[in-house]
Amino acid sequence: MGIETLLGENLERATVLILHPTALHDAINPKKLARSKTEANYGVGELGSAAFEFIDFLCKTGTLAWQINPFGHTGYGNSPYQTFSRFAGSPYLISIEKLYEKGHLTKRDHDKYVRAVDKAKIPLDQTDFGWLFENKLGRNWSSKGILRVAYHNFIGKEDENKAYKDFCKNQKSWLEGYANFMAIKELHNHKGWNEWDEKFRNRNKWRRNRKKLFSQNPDLEKTINFYKYLQFVFFSQWEAVVSYAKEKKRIIIGDLPWYVGYDSSDVWANQEIFKLSEEGTPTHVAGVPPDYFSANGQLWGNPIYNWDNPDTYQWWVKSIEFLLENVNLVRFDHARALDTYWEVSQEWAETEKTAINGMWLKGPGKKLLQAIKDHLVSKKKMTENGQLPFVFEDLGYLDKVYPSIDSYPEDIEEDKKFPIHPDFAKMIKKKQKAVKEGLLEDGGYDPRIALDKILEEYDLPWMAVAQFGFEDKRMHPENLPYSCVAYTGTHDNDTTHGWCESNDYPAHFIFDLLKMVLASKAVLAGCTWQDLWGLGSEMRTNLPGDIEREGGWWRSRLTQEKIATADENVAIGLIEFNRSYDRFSE
């Protein structure tokens, strides 16, 4: 089920490209659209013909894998790592082109929306999520959201009614919570669930009084069904993309965020698996201490899991099983949290808005991985001796920790003497089994050693980022083992063009670095789409911890023009690279 299974018995090296679907170009030749011009601008990458064209591009260039970021329903900040549900797909990715083909939109509906996109003058290489919220999804039933038009048209389509009902029945375990959450959120003008009226905020009161609340809020039930419809459409379109990739012998690598957003159906419907107060507010939130990306640390603000509750493990198992039904392989985001994770008190987070004042805690470790493996084996989705379908986001050096600040060795810098939770300190002092593999002779604990042993025991490949390889020898392309997946950079890095400029490397080093990565022993190797096209910092996908950028991050897109010129340079170059480094996948 893991990389070894996907690559077959020969275990040949292959290439991967990172491109989130929102960054796909617009459809070049939308089918069945008798229009005066041959292209249609939808304002965001969608699961329409452009997705199939990208898979064709992978085939043409001999590239095996398409890696995406989480495909969830995003909110403020547009980050796919902060979604309203770990399960639900993003309505923004739903293809307007395909809705027209299916008859959920008339030609008039379609063309009116395309004209609205053109009128908004959204740059072809950018996405305006605020505009999409108002015009594609629609704020409420008084708005002009095109997806609401599609829903009204769909209601009368009896030929798809059974498929829709079957979907709702099969996905009920998460779909009910998500659809209810989004509908109630809309009723409260999209405020966070901690600001809802008590009769809605308290999920048990909501469940008991649903019928009464429906009668008091006439649009509420319709809104719930609307959000169910969106998921039916999303996963119908996504399944078509995945099936096409399978037909073309390509694989899709998905992404599993370690944390979920507080303002999500995950937390609202499953409060017992998080560290929350009696009122439902977080007692502690997630982040990381000062690091490569930020001198103040990264304050993510996600609620912390309650690993003392067995239900937490079961929720994780179910979410992973669901994701694996929709992708071939999973990038395990922030995988170091399996061993240790950083938490910040909610009080500090609200007042200081930094992650500096926090502490390390012991993560669930092998217990979580074993629960996942046992479940997949029981469902006959992997063999007992098989490889888990994960690629660990494991970014190298991890700071050693000690039971108290006073017990840190003198040679460790003061700003690296991090406090740890008393329970974690007790585990280290008593040399308990859960920390045994990372214990040091001087009384400390090394998460790097402990995590490496987890990787070794479960035969898990890890990520290597070449931009970091000039500071961390472990990640330098020349030192990479077969059991890793290597990239020039990822969605969190500057583009390699921008990185070269910042580090005074010549422009041609963009492709020198890519060639170094492809020449490495890494089982999969590649880059972001921006690096393949040699784009600058203005097209960077994301900067961790930065929420100040006007318009936000996650907005960069390919354009039809870049795709059209791919035959002339990009595709030819990638074909040559893949053949030269024995990575070409037929």
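Residues numbered from 1 in each chain as written. Predicted model: local features only at pLDDT ≥ 70, side-chain atom pairs only at ≥ 80, totals over all residues. Heavy atoms only, no water.

A. Focus on the side chain of Ser-264. With respect to the secondary-structure elements, Ser-264 resides in the loop between strand E3 (251-256) and helix H13 (265-269). You can call Ser-264 buried: its relative accessible area is 0%. Only 3.3 Å separates the side chain of Ser-264 from the backbone nitrogen of Val-267, close enough to count as a polar contact. What Ser-264 contacts, discounting residues up to four positions off in sequence, is Thr-83, Phe-84, Ser-85, Phe-181 and Trp-193. (Helix = DSSP H or I, 4+ residues; strand = E, 2+ residues; numbered from the N terminus. Buried < 20%, exposed > 50% of the residue type's maximum accessible area, 1.4 Å probe, protein only. Polar contact = N/O pair within 3.5 Å; in protein donor to acceptor, adjacent residues only side chain to side chain. Contact = heavy atoms within 4.5 Å.)

B. A look at helix H16 (residues 366-378). Compared with the 18 Å implied by 1.5 Å per residue over 13 residues, the 18 Å span of H16 between its first and last C-alpha is a close match. All of the buried residues along H16 are Leu-368, Leu-369, Ile-372, Lys-373, His-375 and Leu-376. For H16, the angular spread of the buried residues around the axis is 165°, confining them to a single face. In H16, the exposed residues that point more than 90 degrees away from the buried face are Lys-367 and Ser-378. Buried residues in H16 make contact with helix H14 (310-324), strand E9 (390-392) and helix H18 (447-457). Within two residues after H16, Lys-380 carries a phi angle of roughly 60°, on the positive side. (Expected span 1.5 Å × (residues − 1). Arc of directions from axis to C-beta.)

C. Fine view of the environment of Pro-461. For Pro-461, the location among the structural elements is in the loop between H18 and strand E10 (462-465). The class of Pro-461 is buried, set by a relative accessible area of 4%. Residues Pro-461 and Leu-17 lie 444 residues apart in sequence; the distance between their C-alpha atoms is 17 Å. If sequence neighbours within four positions are ignored, Pro-461 has contacts with Ile-3, Gln-387, Phe-390, Val-391, Phe-392, Ser-483 and Cys-484.

D. Here's a closer look at the sheet that holds strand E5 (residues 298-303). Across the sheet, which stays open at both edges, the four strands sit in the order E5-E4-E7-E8 with antiparallel pairing between neighbours. Strands with a single pairing partner mark the edges of an open sheet, and in this sheet they are E5 and strand E8 (358-362). The average angle at which neighbouring strand axes cross in this sheet is 45°, direction not considered. Pairing analysis gives three bridges linking strand E4 (residues 284-288) to E5, with the strands arranged antiparallel. Across the sheet, the residue bridging to Gly-287 is Leu-299, located in E5. In this fold helix H17 (residues 422-429) packs onto strand E7 (340-345) and E8, with an angle of close to 50° to the strand it touches most, E8. (Pairing = 2+ DSSP bridges. Axes fitted to C-alpha atoms, helices over the stretch in contact; angles between N-to-C directions.)

E. Molecular detail of the pattern of salt bridges. On inspection of all chains with the given rule, the structure shows 29 salt bridges. Between Glu-46 and Lys-136 there is a salt bridge, with its nearest N and O atoms 2.6 Å apart. One end of the pair, Glu-46, is in the loop between strand E1 (14-18) and helix H2 (49-61); the other, Lys-136, is in helix H5 (residues 129-137), with 90 residues separating them in the sequence. Take Glu-46: its relative accessible area is 4%, and that puts it in the buried class. Because the salt bridges share partners, they merge into one network encompassing Asp-255, Arg-331, Asp-333 and Glu-393. (Salt bridge = Lys/Arg side-chain N within 4 Å of Asp/Glu carboxyl O.)

F. Structural detail: the pairing of E1. Taken across its five residues, E1 has five buried, putting it largely inside the fold. Because side chains alternate across E1, one face comprises the buried residues Ala-14, Val-16 and Ile-18, and the other comprises Thr-15 and Leu-17, equally buried. Sheet topology note: the E1/strand E2 (residues 65-67) ladder contains three bridges and is parallel. What sits directly across from Ile-18, in E2, is Gln-67.

G. Spatial organisation of the packing of helix H7 (residues 161-170) against helix H8 (residues 172-187). Two elements in contact, H7 and H8, have axes separated by 6 Å at closest approach and are oriented at 95°. Accordingly, the angle class assigned to the pair H7 and H8 is roughly perpendicular. Here Phe-167, Cys-168, Lys-169 and Asn-170 of H7 come into contact with H8, specifically with Lys-172, Trp-174 and Leu-175. Class assignment for the residues of the contact of H7 with H8 results in four nonpolar, one polar and two charged. (Parallel < 35°, antiparallel > 145°, perpendicular 65-115°, else oblique. Nonpolar A, V, L, I, M, F, W, Y, C, P; charged D, E, K, R; others polar.)

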